[in-house]
Amino acid sequence: MARQANLNNDEWADLTAYLDGELDGNRARSVEARLNRDPAVRAEAEALQKTWQMLDYLPQPEPSTAFTSKTLERVSVMRPAVALPRPPGFKHSWIYGAGWAAALLLAGSVGFTGVSLLSPRPPPAQSLTQSDAAALEQSLVQDLRVIENKRLYEQVENIEFLKELAQQDLFGDDG
Amino acid sequence: MGAIGETSAQLAIRDPDTRLMLGVRDDEAGAFEQLVANYQSRLVGVMHHLVGNAAEAEDLAQEVFLRVYRARKKYRARCKFSTWLFTIANNLALNVLRTRKRRPAVSLSLRDSGPLGARPAEQLVTAPSGSQPIRRMQRQELTTVIREALDKLNERQRLAVVLNKFEDMNYAEVAEVMGLTVKAVKSLLCRARMNLRDALKDYVFMDGQPIPEPPEGE
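Residues numbered from 1 in each chain as written. Chains lettered and ligands numbered in written order. Predicted model: local features only at pLDDT ≥ 70, side-chain atom pairs only at ≥ 80, totals over all residues.

K.L.:
Would you mind showing me how to read the overall build of chain A here?
P.N.:
Within chain A, the secondary structure is distributed over nine helices and zero strands. Of the regular secondary structure in chain A, the N- to C-terminal order runs α-α-α-α-α-α-α-α-α. Evaluated residue by residue, chain A yields a buried proportion of 11% over its 175 residues. (Helix = DSSP H or I, 4+ residues; strand = E, 2+ residues; numbered from the N terminus. Buried ≥ 20, exposed ≤ 12 C-beta atoms within 10 Å, placed from the backbone.)

What follows is the structure, given as C-alpha cells:
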C-alpha cells in the first residue's frame, strides 16, 4: 500500500473518521490542522473521499415484483402451525359432533314423552280405597289364564275359531 | 397489545417500525405485511451489495423476513427495529459468505464471464472520450471494477462499508449490528476505505478526465 502521507494507524483511523463526520472535539481539530499544513495528507483525504463517492456507481437493486407475495406466501404456511396448533377441520368436526349429540338427545326426549303419554297408567296407589284394591285383585286372579295365554290369543282372529280348535280332534293324537 | 416495559414504550414512540414489530409480535393483522413493504428494498439492496447476485440477495432477504417472523414472540424493543433486522441480516450474510469462501463456486454472473466480462484496466483508461456510447461503456466497466473492489474486501469490512455507506448507519449503529466496539468499527472502516482506495486508485481520476455521472434510477 503506497502511503505518501506519513501517518500512523491511529492517525489514519482519525482521518477516515473525520471524513465520515464521526470525529469531534480536539481530535477533529487536530486532523483539520494536519490537513491544512500537509498537502500529502490532503491528497490522501481527497483520494479516500473520491473512492468513497465511487461506490455510488453501484446499482441499487430493487426487489422483484413477486418478492412481497412470495415472502408472505412462505409466512402464511407458518401461520397455522404457530397460531393454531390444531389439525385443519377440527373446529367443524366439533360442531358436527355437538349437533349429532343434541339431535339424539332431542329424539330420545320426544320418544320418552310420547310413550309416557300414550301408555295407560294404573291409578296412583294412594287414590285406591281398600275395597277397590280387593276388587282389582279379584279381577286379575279371575283373568289369570287369559293373561298367561295372551300371546296365543293374539294369534287367532276370534274366539269362535279357538273354540272349534278345542272341540275337534284335528291332529288325531290329542288325548 | 401486551404490556411493554418503559424502554420498549419509549422506543415504540420514537421508532414507528419498532411499534410495527410489536404489532407483529402480537399477531396484529397486516403488521408483518407492512414491515415487509417498508424494508424489502433496503434489505435486498444490502444483500445484493454483500453477495453480488440479485437472485441470491432476494432469497437471503426473504430468509431474513422469515427469521423475523419466527422470532417475533421473543422480540423485545431494546434497540431500533432496523438495528435488530440488520443484525439478523448480518449473521445470515456472514454465514453465507463464509460458507462460500470454504467452498468456492464458479460464478456464472455476466460480469465475470463471456464477451461482456470485465476488460483490462488499460482499455478503460485509454478509451477516447466524448461519445455517449463510450461513456456508457466506461460507466458499466467502472461499475464492474468497483464491484470487484468491494468483493475483494473481507466479509466484515464489506459489511461495515455497506451498512455505513448504503444504510447511512453511524459507527455506533454499525457496531451494534456487528457486535463490535465503536473503536473496532472505526478501525475496520479505515482499513476498508484504504483497501478500496488502493484497488480503485487507477480509476479515481480517470487519467485526468472527469468521472462520468453516477447512473440514475438503477
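K.L.:
It is not clear to me how the environment of Leu35 of chain B should be interpreted in this structure. Could you clarify?
P.N.:
Residue and element names in this part refer to chain B. With respect to the helices, strands and loops of the structure, Leu35 is situated in helix H3 (residues 31-51). Judged by the 21 C-beta atoms lying within 10 Å of it, Leu35 is buried. Taking the C-alpha atoms as reference points, Leu35 and Leu20, 15 residues apart in sequence, are found 6.9 Å from one another. Among residues more than four places away in sequence, those in contact with Leu35 are Leu20, Met21 and Val24. (Contact = placed C-beta atoms within 7 Å.)

K.L.:
Which parts of the structure should I look at to understand the confidence of the model for chain B?
P.N.:
Low pLDDT marks stretches whose predicted atomic positions should not be read closely. All names here are of chain B. Averaged over chain B, the pLDDT score is 79; the fraction of residues at 70 or greater is 72%. Note on residues 105-129: pLDDT under 50 across the span, and 26 contacts to partners over four residues away in sequence or across chains. Reported confidence for the predicted complex is 0.74 by ipTM and 0.63 by pTM. (pLDDT = per-residue confidence, 0-100.)

K.L.:
Looking at this model, I keep getting lost on unusual backbone geometry. Mind explaining?
P.N.:
Residue and element names in this part refer to chain B. Even without being a glycine, Asp27 presents a positive backbone phi close to 60°. Along the polypeptide, Asp27 turns up in the loop between helix H2 (16-25) and H3. At Asp168, a residue that is not glycine, the phi angle is positive and equals roughly 55°. Relative to the elements of secondary structure, Asp168 occurs in the loop between helix H8 (155-166) and helix H9 (171-178). Residue classification places Asp168 among the exposed positions, given that 8 C-beta atoms sit within 10 Å.

K.L.:
Sorry, what's going on with helix H1 (residues 9-19) of chain A here?
P.N.:
Side chains that are three or four residues apart share a direction in an α-helix, a result of its 3.6 residues per turn. Turning to H1 of chain A, its buried residues number three or more, namely Trp12, Ala13, Asp14, Leu15, Thr16, Ala17 and Tyr18 of chain A. On its buried face, H1 of chain A is in contact with helix H2 (25-37) and helix H3 (39-54) of chain A together with helix H10 (182-204) of chain B. Taken from the residues just after H1 of chain A, Gly21 of chain A is the one with a positive phi, measuring 70°.

K.L.:
Where do I start with the nonpolar core in this structure?
P.N.:
Side chains of a nonpolar character, in soluble globular proteins, are inclined to be buried together. Core analysis: the biggest nonpolar cluster contains 62 residues, and Met47, Ala160 and Val174 of chain B have the highest contact counts within it. Non-local contacts of Val174 of chain B, meaning those with residues more than four positions away in its chain, are made with Ala160, Leu163, Asn164, Met169 and Val185 of chain B. (Core = buried A, V, L, I, M, F, W, Y, C linked by C-beta atoms within 7 Å.)

K.L.:
Explain the interface of chain B and chain A here, please?
P.N.:
By a widespread convention, an interface's size corresponds to the accessible area lost as its parts come together. Facing 40 residues of chain B, the contacting portion of chain A comprises 31 residues. Among the elements of the structure, H3, helix H4 (54-70), helix H7 (132-152) and H10 of chain B are those that each provide at least two residues to the side of chain B that touches chain A. The dominant element in the side of chain B that touches chain A, judged by the number of residues it contributes, is H10 of chain B, at 11 residues. Here the side of chain B that touches chain A is composed, by residue class, of 21 nonpolar, nine polar and 10 charged. (Nonpolar A, V, L, I, M, F, W, Y, C, P; charged D, E, K, R; others polar.)

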